[in-house]
Amino acid sequence: MSYLDTLNEPQRLAVETTKGPMMIIAGAGSGKTRVLTYRIAHLMQQGVEPFNILSLTFTNKAAKEMRERIEKVVGTEARNLWMGTFHSIFAKILRFEGHLLGYQSNFTIYDSDDSKSLIKSIIKDFNLDDKLYKPNSVLGRISNAKNNLISWRAYMNNSELTMDDENSGRPKIGEIYKEYAIRCFRANAMDFDDLLFNTNILFQNHLEALNKYQDKFRYVLIDEFQDTNLSQYLITRRLAARHQNICVVGDDAQSIYAFRGANIQNILNFEKDYPDLKVVKLEQNYRSTQTIVQAANSVIRYNKAQLKKNVWTSNDNGTPIHMIKAATDAEEGRLIATSIFEEKMQRTLPNSAFAILYRTNAQSRALEEALRRLNIKYKIIGGLSFYQRKEIKDIVGYLRFTINPQDVEAFKRIINLPKRGIGKTTVDKLIVRSNETQTSVWEILCNIERHFGAGRTSKVLDSFTTMVKSFQLSVEQKNAYDAATDIARGSGLLRELYDDKSVEGRVRYENLQELLNAIKAFVDDPENEDKSLDAFLQQVSLLSSADNETDEDSVTLMTIHMSKGLEFKNVYIVGLEENLFPSQLMLESRADLEEERRLFYVAITRAEQKLFLSYALQRYRFGKLIMCEPSRFLEEIDPQFMTSFLPQGALGGGSRDTSMHRSGFTRKVATKPKPQFTRVPKGNHTVSQNFKPNNPDELQQGQKVEHAKFGFGKIVSIDTHGKDKRAKVHFENFGEKTLILSFAKLMICE
Ligand SMILES: Nc1ncnc2c1ncn2[C@@H]1O[C@H](COP(=O)(O)OP(=O)(O)OP(=O)(O)O)[C@@H](O)[C@H]1O
Ligand SMILES: [Mg+2]
């Protein structure tokens, strides 16, 4: 059977129409990624050379999976595709062309820790208050500027931006941006945003480079287009300008990166930018049961800003969505672990059929504990990955500094590792000197006596420099693995960890060995053309946290952001509580709430067969036990798709405090109120006198009630069948709604 026969009609059309601009806007699980994959295979079968095809994905993992699937159709030629994340593809282009912008090809890619550390030192050098100039928020502002292609010069001349900064009491952000850019450049380093920003500058100012890549990329394809930012959009538009063979796929309902500058407007602009655009809609979902698809639709309907789509499926109804209510976050963990255990037994499923999705990484701890107790293997995607561990960052720091001795952040990390008596004062002096003389720290190190006289410090620094030079020689003469081993030994790092006989020390030593193994595997891998240490480091610095995977059969734990594009048989979405999900930080405006709702939509649509939703009535957050209220999103799911709560005793989920469960709904919440829905009742009512919180047993037919979102209404009928009491309410402005009373938080108007 040909691969074309496994596609439905609109999918096939999208695969076979290879010329000209095309946009596929389609619902979750409708085969967008599958279409892209087959389209590339199809192009190659028609004789298009793989190096003429550029395919941009959201994670390296997605790229790898796609490449493997294409390989099944076209064979090993698929390895020559230009396929990867925006960042990795543009880093590759900048390695070749960065010299046009004044960078050397061995530039370092600063990760977010490096960027933060650099910002901190600038704030300190400028004598600014770091409580006011919080490094993360300063960095966020700079990042935002870059993603909108605003250079530091443009930033400083932009009265709107500088006014904003002045109003927020931080008038120096422009200057910090400038200094940050200068120091990165001097360190021959780019941060993640620079990879996009500089590619834009490259194509804008160097037409010969633009011409070359325009010629090369005869076909451009982009997955998850809804999450591209302006900077990414402009690059792809430029690249595709000659051949106009650009195909983007996305789902506006899954746009979840606005906080990082992703712009849903790109989808809308696309039609304007390409008047010949062909638009294909895919509406049939192949991933999930009827129940899951319809429940997801019932939620996303609440968003005003969306393109019209009707996602449907011919799959089975499946089982209703299971609700899990827990007394505490620890109990939530236990209930979920038990549920996974039982599902595995009953349906003989592997661990890999399960995913637990949460809003914030901090939620994983209680879940991990419970899974460990039941001996269920799990992996966390996006937590502290291997490459973020201290011992790994240390050795990588050495490798980075050897390759690019201009790299100040790497220098700061390693200069006193292992201890050689070089303190912060010396490092600061070196950096000040480098800024004064506008030369790199490395140049000063190479002429240390001229700058610092002939004391002990100079001696130590001089032997450090000599050592790094010997490492550089290793890199020149040996393969990446041998050179890295020389560096691990010569630096003393390996020895230091070896000598540490504590358990942690052993683990760290093994981790370092593991890194060397990874380099060996990199060198041995026939797929890697460039086997240099430089190429290895580049790959490491671009690993996103979603790429951190083991082969073992395990349950996947991750944030919803990380789960984009993936699918699992059983999905648990946990922590469905007000102020956690939707997040308190994201409730400043309607747009924020809509983004949180899209996130919920993404989470629901990851499930193929069974979906479980859970919340706890109490949870430790920021070191305090707080009371929680069920998330408003639970009310938004049409109740016909949900079961009532799982009886906790039946799952053996630990102690059960029924009084707390009942009262948990009616307790006033200690946290901030929801700004957009608070409203003072009209007329002469006042909340304190005439409203009282719902006790489901007190509600009666005919009663007047107020709901936080739907406003005023009258109870039409009450259904006491089943475990949870439901009421049909006719609202003045929203018509009739069926609500589960224990969620609905109805206020009785007397
Ligand atoms: N025509 C088809 N026949 C059978 N299975 C299909 C078909 N199209 C897609 N699928 C399957 O449906 C699932 C979802 O497809 P895919 O991941 O490509 O969807 P998507 O639109 O990219 O989803 P998302 O929005 O989550 O990224 C996959 O398992 C895929 O193999
Ligand atoms: Mg997809």
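Residues numbered from 1 in each chain as written. Chains lettered and ligands numbered in written order. Predicted model: local features only at pLDDT ≥ 70, side-chain atom pairs only at ≥ 80, totals over all residues. Heavy atoms only, no water.

By the naming in an unreviewed UniProt entry, the protein is DNA 3'-5' helicase, taken from Rapidithrix thailandica. UniProt lists a comment for the protein under the heading Sequence similarities (unreviewed entry), and it reads "Belongs to the helicase family. UvrD subfamily." (UniProt positions renumbered as here; feature names shortened; annotations may be inferred.)

A. Region of the structure containing the sheet that holds strand 7 (residues 246-250). Taken in spatial order, the 6 strands line up as 3-2-6-7-1-8 in an open sheet, and their pairing is parallel. In this open sheet, the two strands that pair with only one neighbour each are strand 3 (82-85) and strand 8 (278-282). Mean inter-strand twist for the sheet, computed between neighbouring axes without regard to direction, equals 15 degrees. The pairing of strand 2 (residues 53-57) with strand 6 (residues 219-222) spans 4 bridges and is parallel. Paired with leucine 54 across the strands is valine 220, a residue of strand 6. (Pairing = 2+ DSSP bridges. Helix = DSSP H or I, 4+ residues; strand = E, 2+ residues; numbered from the N terminus. Axes fitted to C-alpha atoms, helices over the stretch in contact; angles between N-to-C directions.)

B. How the structure looks around the site of ligand 1. Around ligand 1, 18 residues are found, and the nearest of them are Lys32, Thr33, Gln254, Glu567 and Arg606. Interatomic distance of 3.2 Å between a backbone N/O atom of serine 30 and an oxygen atom of ligand 1. The side chain of lysine 32 places a nitrogen or oxygen atom 2.6 Å from an oxygen atom of ligand 1. Grouping the amino acids of the shell around ligand 1 by side-chain chemistry returns 3 nonpolar, 10 polar and 5 charged. (Near = heavy atom within 4 Å. Polar contact = N/O pair within 3.5 Å; in protein donor to acceptor, adjacent residues only side chain to side chain. Nonpolar A, V, L, I, M, F, W, Y, C, P; charged D, E, K, R; others polar.)

C. Broad picture of the nonpolar core. In terms of nonpolar packing, the biggest core is built from 69 residues, with Phe401, Phe411, Leu445, Phe464 and Ile519 touching the most fellow members. With sequence-adjacent residues up to four places away left out, phenylalanine 464 is seen in contact with Tyr398, Phe401, Phe411, Ile414, Ile415, Arg420 and Leu445. Ranked by size, the runner-up nonpolar core spans 44 residues in total, among them Ala28, Phe568, Leu611 and Phe641. (Core = buried A, V, L, I, M, F, W, Y, C linked by side-chain atoms within 4.5 Å. Buried < 20%, exposed > 50% of the residue type's maximum accessible area, 1.4 Å probe, protein only. Contact = heavy atoms within 4.5 Å.)

D. Looking closely at the side chain of threonine 289. The topology assignment puts threonine 289 in the loop between strand 8 and helix 14 (290-300). Overall, threonine 289 belongs to the buried group, its relative accessible area being 7%.

E. How the structure looks around the environment of asparagine 528. By the element assignment, asparagine 528 lies in the loop between helix 25 (503-524) and helix 26 (533-541). Within the structure, asparagine 528 has its side chain in polar contact with the backbone oxygen of phenylalanine 522 (distance 3.1 Å).

F. Representation of the pattern of salt bridges within the structure. Taken as a whole and judged by the stated rule, the model has 43 salt bridges. Lysine 564 serves as the salt-bridge partner of aspartate 227, at 2.4 Å between the closest nitrogen and oxygen. With aspartate 227 in the loop between strand 6 and helix 12 (230-239) and lysine 564 in the loop between strand 12 (555-559) and strand 13 (568-573), this residue pair connects regions lying 337 residues apart in the sequence. The buried category is assigned to aspartate 227, whose relative accessible area is 5%. Salt bridges sharing common partners tie together Asp5, Arg12 and Glu16. (Salt bridge = Lys/Arg side-chain N within 4 Å of Asp/Glu carboxyl O.)

G. Structural view of the UniProt feature "binding site: ATP" (unreviewed entry) in the protein. With numbering aligned to this structure, UniProt lists the feature "binding site: ATP" (unreviewed entry) at Ala26, Gly27, Ala28, Gly29, Ser30, Gly31, Lys32 and Thr33. Relative to the assigned elements, glycine 29 resides in the loop between strand 1 (22-26) and helix 2 (32-45). Apart from the residues lying within four places of it in its own chain, the contact partners of glycine 29 are Gln284, Asn285, Tyr286 and Arg287. Within the secondary structure, lysine 32 is located in helix 2. With relative accessibility at 10%, the residue lysine 32 sits in the buried group. Setting aside anything within four residues of it in sequence, one finds lysine 32 in contact with Ala26, Gly27, Val249, Gly250, Asp251, Gln254 and Leu282.

H. Just helix 25, in detail. Taking 1.5 Å of rise per residue, the 22 residues of helix 25 would be expected to cover 32 Å, and the 31 Å separating its terminal C-alpha atoms lies within 8% of that figure. Inspection of helix 25 places Gly505, Tyr509, Asn511, Leu512, Leu515, Leu516, Ile519, Phe522 and Val523 among the buried residues, and these make up the whole buried set. When helix 25 is viewed along its axis, its buried side chains cluster within an angular range of 155 degrees and face the same direction. Of the surrounding secondary structure, the elements contacted by the buried residues of helix 25 are helix 17 (390-403), helix 23 (480-490), helix 24 (493-499) and helix 26. (Expected span 1.5 Å × (residues − 1). Arc of directions from axis to C-beta.)

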